Amino acid sequence: AMLSPCGPRACPICGPGLALCAGQRSRIVALTVVIANRTFSFFTKTPPTSYLIRQELGLEKGSTEPGTLFVGTLTREQVEKIAKIKHEDAHLKHVPFGGLCKTILGSAASMGVAYEGDMFADFGPRTRPKKQKEELFL
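Overview of the structure. (Residues numbered from 1 in each chain as written. Predicted model: local features only at pLDDT ≥ 70, side-chain atom pairs only at ≥ 80, totals over all residues. Heavy atoms only, no water.)

## Here's the deal with the pattern of salt bridges
Okay, so step 1: In the structure shown here, the tally under the stated rule is four salt bridges.
Okay, so step 2: Residues E56 and K81 are paired through a salt bridge, measuring 3.4 Å at the closest nitrogen-oxygen approach. Pair noted here: E56 is in helix 2 (residues 49-57) and K81 is in helix 3 (residues 76-86), with a separation of 25 residues, a long-range link.
Okay, so step 3: A residue is classified by how much of its surface remains accessible, and E56, at 24% relative accessible area, is partly exposed.
Okay, so step 4: For the salt bridge of K86 with D89, the shortest nitrogen-to-oxygen distance reads 3.8 Å. Across the pair, D89 and K86 agree in class, each one buried.
Okay, so step 5: Overlapping salt bridges bring together R76, E80 and D122 as one network. (Salt bridge = Lys/Arg side-chain N within 4 Å of Asp/Glu carboxyl O. Helix = DSSP H or I, 4+ residues; strand = E, 2+ residues; numbered from the N terminus. Buried < 20%, exposed > 50% of the residue type's maximum accessible area, 1.4 Å probe, protein only.)

In structure tokens form, the structure reads like this:
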């Protein structure tokens, strides 16, 4: 089978791709195949944050009214567990761990999932100072 009329055959691509993902059958793994000049390479990523939050809390879906109707509550340990998984991604390795935890809590809030602690006390203060109103209009 061809991936495209002019592209490479599927069999040489699928075999190594499945082998690369073999140890991660319990999670969704985003697999990106880049094809240029009939060549290919694989990049794996961790599952989406929303998927990891739902798995951690045993939810099928998020809230239909985020901010009003809460469907679960994350603990600090659960947030750190998700952050350790997400920190494996190449594009997130440079992000400080506390900042990554705050990003996960932002995703959780948009799903209608609460946090039992204080985000800034647990994961650090703002990294940038708030802008004053005068600075916004200059």
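Next comes the rest of the account.
## A short note on the side chain of T46
Okay, so step 1: Relative to the helices and strands, T46 resides in the loop between strand 2 (39-45) and helix 2.
Okay, so step 2: Taking relative accessible area as the criterion, T46 reaches 8% and is therefore assigned buried.
Okay, so step 3: Side-chain polar atoms of T46 contact the side chain of K86, separated by 3.2 Å. (Polar contact = N/O pair within 3.5 Å; in protein donor to acceptor, adjacent residues only side chain to side chain.)

## Topic: the packing of helix 2 against helix 3
Okay, so step 1: Interaxial distance between helix 2 and helix 3 falls to 10 Å at its minimum, and their mutual angle equals 140 degrees. As judged from the angle between their axes, helix 2 and helix 3 are oblique. In terms of crossing hand, the pair formed by helix 2 and helix 3 is right-handed. In this structure, helix 2 uses T49, L52, I53, E56 and L57 to contact helix 3, whose residues at the interface are Q78, K81, I82, I85 and K86.
Okay, so step 2: Split by residue class, the contact of helix 2 with helix 3 holds five nonpolar, two polar and three charged. (Axes fitted to C-alpha atoms, helices over the stretch in contact; angles between N-to-C directions. Parallel < 35°, antiparallel > 145°, perpendicular 65-115°, else oblique. Left-handed = near helix turned anticlockwise from the far one by under 90°. Contact = heavy atoms within 4.5 Å. Nonpolar A, V, L, I, M, F, W, Y, C, P; charged D, E, K, R; others polar.)

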